[in-house]
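The residues making up each chain are set out below.
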Amino acid sequence: MTNAPANLGEPILQARGLAKSFLGLQALQDFSASVRPGEILGIIGPNGAGKTTCFNLLTGFLAPTAGTIEFKGQDITGVPPDRIARIGIARTFQNIRVFGSLSVAENIEAAAQMRHHTSLWETLIGGPGFRRSEAEVRARAREYLAFFDLTPYAERPAASLPYGFQRRVEIARAMATRPSLLLLDEPAAGMNPAESDDLHQHILDLRTRFGLTILLVEHDMRLVMNLCERIIVLNYGEIIAQGKPEEVRADPQVIAAYLGEDHSAGGASAAPTGETGA
Amino acid sequence: MSLTPDLRRAAGPLAAILGLALALTIVQVSGLAFWQGLLINLGIFLILVVSLNLSNGFTGVFSLGHVGFMALGAYGSALLTLPLREKHDYLPKLPAWLAGLHFDFHLGAFPLGFLAATIVAAVVVSLVALLVGLVLMRLSGHFVAVATLGFLVIVRVVLINADDLTRGSRTFSNVTAYTDLGWVWAWALVTLYVVWRIKRSQFGRAMFAQREDRWAAQSIGIALMPPRLLAFVVGAFFTAVAGSLYAHFITSFSPNAFYFDLTFRVITMLVVGGMGSVSGSVIGAVLVIGLAEALRRIEDVTLLYGLSQIILAVIFILIIIFRREGLLGQREIALDRLFMKGGEAE
């Protein structure tokens, strides 16, 4: 475990009784959680356990069937995703979604411009307001490119970069909106142990530098267990355990969910990998 | 050189505009009717393809209905500039307020009425586009193509049946021939300027971002409808302007002029040049117009009529197969960097 949660004040995010069903399939039910500012909270569970559904609910890409979400004391249930982004929740996606044919710099600029608005008229005449805001957007994008070591690739189309770099572009893009809460959906997918260690350090740096709160969905157990201060375990759309990593790791229900009922007594061999179907 | 960066930035476009002005003046003065006609045609298509690029290329919402806006712009502006006597003779059943309307005011020799008629028609068409867009821009992919094609068909049916206003399927004629090289290319430059500005701004980035990935765009605070609607409505405005220029160039036309044939031609230019590239659109328009003209001469000699359309269609198919992004993709030939030093591009 690294730093303790920086701040034990009011929760920054509070979900109460969230539920989502798709045509009768209960993808998530009675999901309640509160996230403290500065915390790194992990959400784990086998495939199909409802982790991504949970992220999509929290970021407005899906509307919950029941339950409420509060962000900084404000009810954000059912608010559309672009407005959720504007009030300070950013995310990445499990299947990488970079703007493929745009350059890496343009990817970041598109996000950095969120907090700079210029009127259409000002844009058309190319007036001082337009110039100032464009210069600011570009400068800010350069900052994030540098922070994520992407400067050498700034002019390349995002789709031409290797997988790991595209993930980095996605995180840089999310950060360029200057969020207070960041949701990372499997950021370590496809990474080797060295790259995942790198990512670990990067996430810690992000939190320190930007005072960020982080929610993490991840299958890489080493990363989750080392990085997160608290973990929520989902299975079949329900929370089956939550607590500190060592508590969760020892929970018989968690072991059962990952290794199957039959192995719950003796299966000490494998660490949970999340590869079991659900 | 002691020029400021701003001046050097402006030098490229200025040189291009001066060169264009010089060429146009020579052609205008020379009295070579063929070249005048060709360049007017080119200018009108340039406006059409650049404004289509704004809505289709920038946002990826592929509209097939833009020529419908052109038709509305043509009929709308022609109704405003048609002399009262012609209105009385050809369109006896016009509503009274329209029958008495004639935009023929001049500022010295300058036909201000034509400018006003063009702008009024284009604004009205933009409002139509706003209403249509509010419904259709929610769609994407094939759905939007089919729905906007439906719009094109509806416009045609309305024009044919609104006998009192349009003479139906008969020719709408005796429109004053205001359009000349100056008008067309002035409007073409305005269109290029506006679309170029939009591309290199927050609005353009929002359009391209939601074209690339709708979810990712929303996740960084970009709502889908505003950039799409902006592109659609501004595109419709300039398309209507092109319609007005066209109407006052050929002076007589019927609803058939604004249909699949024209739609296909503009889309070919767009795809050849590259979806998302303004300079690509210019190149696409020049190539297709030039090629069509050359092929037409071959037709006249060989008597193989229709050959030009077949060849254009084949080129279109080849581009789709072998170079889907078109000649330029979404890259630009940046005139403002022409006279700039290495480090100044920021």
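The rules we used
Residues numbered from 1 in each chain as written. Chains lettered and ligands numbered in written order. Predicted model: local features only at pLDDT ≥ 70, side-chain atom pairs only at ≥ 80, totals over all residues. Heavy atoms only, no water. Helix = DSSP H or I, 4+ residues; strand = E, 2+ residues; numbered from the N terminus. Rg over C-alpha atoms; globule rule 2.2 N^0.38 Å. Contact = heavy atoms within 4.5 Å. Areas by Shrake-Rupley, 256 points an atom, 1.4 Å probe, with all protein chains shown as cover. Pairing = 2+ DSSP bridges. Axes fitted to C-alpha atoms, helices over the stretch in contact; angles between N-to-C directions. Buried area = accessible area lost by both parts, 1.4 Å probe. Salt bridge = Lys/Arg side-chain N within 4 Å of Asp/Glu carboxyl O. Polar contact = N/O pair within 3.5 Å; in protein donor to acceptor, adjacent residues only side chain to side chain. Nonpolar A, V, L, I, M, F, W, Y, C, P; charged D, E, K, R; others polar. Buried < 20%, exposed > 50% of the residue type's maximum accessible area, 1.4 Å probe, protein only.

Some remarks on the overall build of chain B
Phase 1: Looking only at helices and strands, chain B has 15 helices and zero strands in total.
Phase 2: Against the 2.2 N^0.38 benchmark of 20 Å for 346 residues, chain B shows a C-alpha radius of gyration of 21 Å, consistent with a compact globule.
Phase 3: Counting only C-alpha atoms and orienting by the principal axes, one finds that chain B spans roughly 65 × 50 × 50 Å.
Phase 4: Long-range pairs, those at least 24 residues apart, make up 79% of the contacts in chain B with a sequence separation of at least 6.
Phase 5: Carbon and sulfur atoms make up 70% of the accessible area of chain B, which amounts to about 15,400 Å² in all.

Notes on the sheet that holds strand β2 (residues 25–35) of chain A
Residues and elements named next belong to chain A.
Phase 1: Read from one edge of the open sheet, four strands run β2-β1-β4-β5, paired in antiparallel fashion. The open sheet is flanked by β2 and β5 (74–75), the only strands paired with a single partner.
Phase 2: Where strand β1 (residues 13–22) and β2 come together, seven bridges link them in antiparallel fashion. Directly across from Ser 21, in β2, lies its bridge partner Gln 26.
Phase 3: Along the sheet, helix α1 (residues 51–58) contacts β1, β2 and β4 (66–71); its crossing angle with β1, the most-contacted strand, is approximately 115 degrees.

Describing the interface of chain A and chain B
Phase 1: Residue-level contacts link 37 residues of chain A with 28 residues of chain B.
Phase 2: Carbon and sulfur atoms make up 57% of the surface buried where chain A meets chain B, a total of about 2,800 Å² over both sides.
Phase 3: Where chain A touches chain B, the interface holds three salt bridges.
Phase 4: With a shortest N-O distance of 2.9 Å, A:Arg97 and B:Asp213 are connected by a salt bridge.
Phase 5: The tally of links between chain A and chain B comes to twelve residue pairs in polar contact (both at pLDDT 80 or more).
Phase 6: Residue assignment for the side of chain A that touches chain B shows that the elements contributing at least two residues are α2 (81–86), α3 (104–112), α4 (120–125) and α5 (128–147) of chain A.
Phase 7: The biggest single contributor to the side of chain A that touches chain B is α5(A), with seven residues.
Phase 8: When the residues that make up the side of chain A that touches chain B are grouped by side-chain class, the tally is 15 nonpolar, twelve polar and ten charged.

So, α1(A)
Residues and elements named next belong to chain A.
Phase 1: With respect to burial, α1 is a largely interior element, seven of its eight residues being buried.
Phase 2: Buried residues of α1: Lys 51, Thr 53, Cys 54, Phe 55, Asn 56, Leu 57 and Leu 58, and no others.
Phase 3: Just downstream of α1, Gly 60 is the residue with a positive phi angle, here 85 degrees.

Examining the pairing of strand β7 (residues 181–185) of chain A
Strand residues, when the strand is regular, have side chains that alternate between the two faces of the sheet.
Residue and element names in this part refer to chain A.
Phase 1: Taken across its five residues, β7 has five buried, putting it largely inside the fold.
Phase 2: Residue alternation in β7 divides its side chains into two sets, Leu 181, Leu 183 and Asp 185 and Leu 182 and Leu 184, and both sets are buried.
Phase 3: Note that strand β6 (residues 89–91) and β7 share three bridges and pair parallel. Paired with Ile 89 across the bridge in β7 is Leu 181.
Phase 4: Examined bridge by bridge, β7 and strand β8 (residues 213–217) share five bridges and lie parallel to one another. Bridging from a neighbouring strand, Leu 184 pairs with Leu 216 of β8.

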